[in-house]
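Tertiary structure, described
Each chain, written out:
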Amino acid sequence: MDNSEESKEARDQTELVSEDGKNSKTVLCQRCGSKVLCPGMAIFAEKELFLPSMRKKSGLSTTEGSVDGDTLTVHWLVNDMFDFENVGFTNDVGRIKYLICADCEIGPIGWHCLDDKKSYYIALERVNHA
Ligand code: ZN
């Protein structure tokens, strides 16, 4: 059995997560480099969330019917929206708001449910770390 890919992913995550389980690096928008989170502001969390494919904000509110996207499992969990440096939101899609870059409005980079005001998820795969 070849687990090399999985172990590489685990190594990458180890670099990003500090000993207390928080983000050790600054979280940035992949497109424009806008700062989303400072180091130490979010907790590493594993949860299966479906995020539509990245696109501009205008395309996100009209996600009726079948939506292409990815089920992502590793996220930064933020408890308070004021812990973000910069973040934007889409219009509600059902009970869900997607998090987008505040500057270039590309997204979704994260996920928030209106039923849980203290959980904001940022997908590790949708952001840069520096
Ligand atoms: Zn951006």
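Relevant structure appears above.
Residues numbered from 1 in each chain as written. Predicted model: local features only at pLDDT ≥ 70, side-chain atom pairs only at ≥ 80, totals over all residues. Heavy atoms only, no water.

Time to look at the pattern of salt bridges. Going through the model one piece at a time under the given rule, you end up with 4 salt bridges. A salt bridge links D70 to R126, with the shortest nitrogen-to-oxygen separation between them at 3.2 Å. Note that D70 is positioned in strand β5 (residues 69-78) and R126 in the loop between β10 (120-123) and β11 (127-129), a separation of 56 residues in sequence. Using a relative accessible area of 37% as the deciding quantity, one classes D70 as partly exposed. Of the residues examined, R126 reaches a relative accessible area of 6% and is grouped as buried. Between D115 and R95 there is a salt bridge, with the nearest N and O atoms lying 2.6 Å from each other. Of the two residues, D115 is situated in the loop between β9 (110-113) and β10 and R95 in the loop between β6 (88-89) and β7 (96-100); the sequence distance between them amounts to 20 residues. Among the residues examined, D115 registers a relative accessible area of 56% and is labelled exposed. (Salt bridge = Lys/Arg side-chain N within 4 Å of Asp/Glu carboxyl O. Helix = DSSP H or I, 4+ residues; strand = E, 2+ residues; numbered from the N terminus. Buried < 20%, exposed > 50% of the residue type's maximum accessible area, 1.4 Å probe, protein only.)

Remember, this is a structural readout, not a statement about activity or role.
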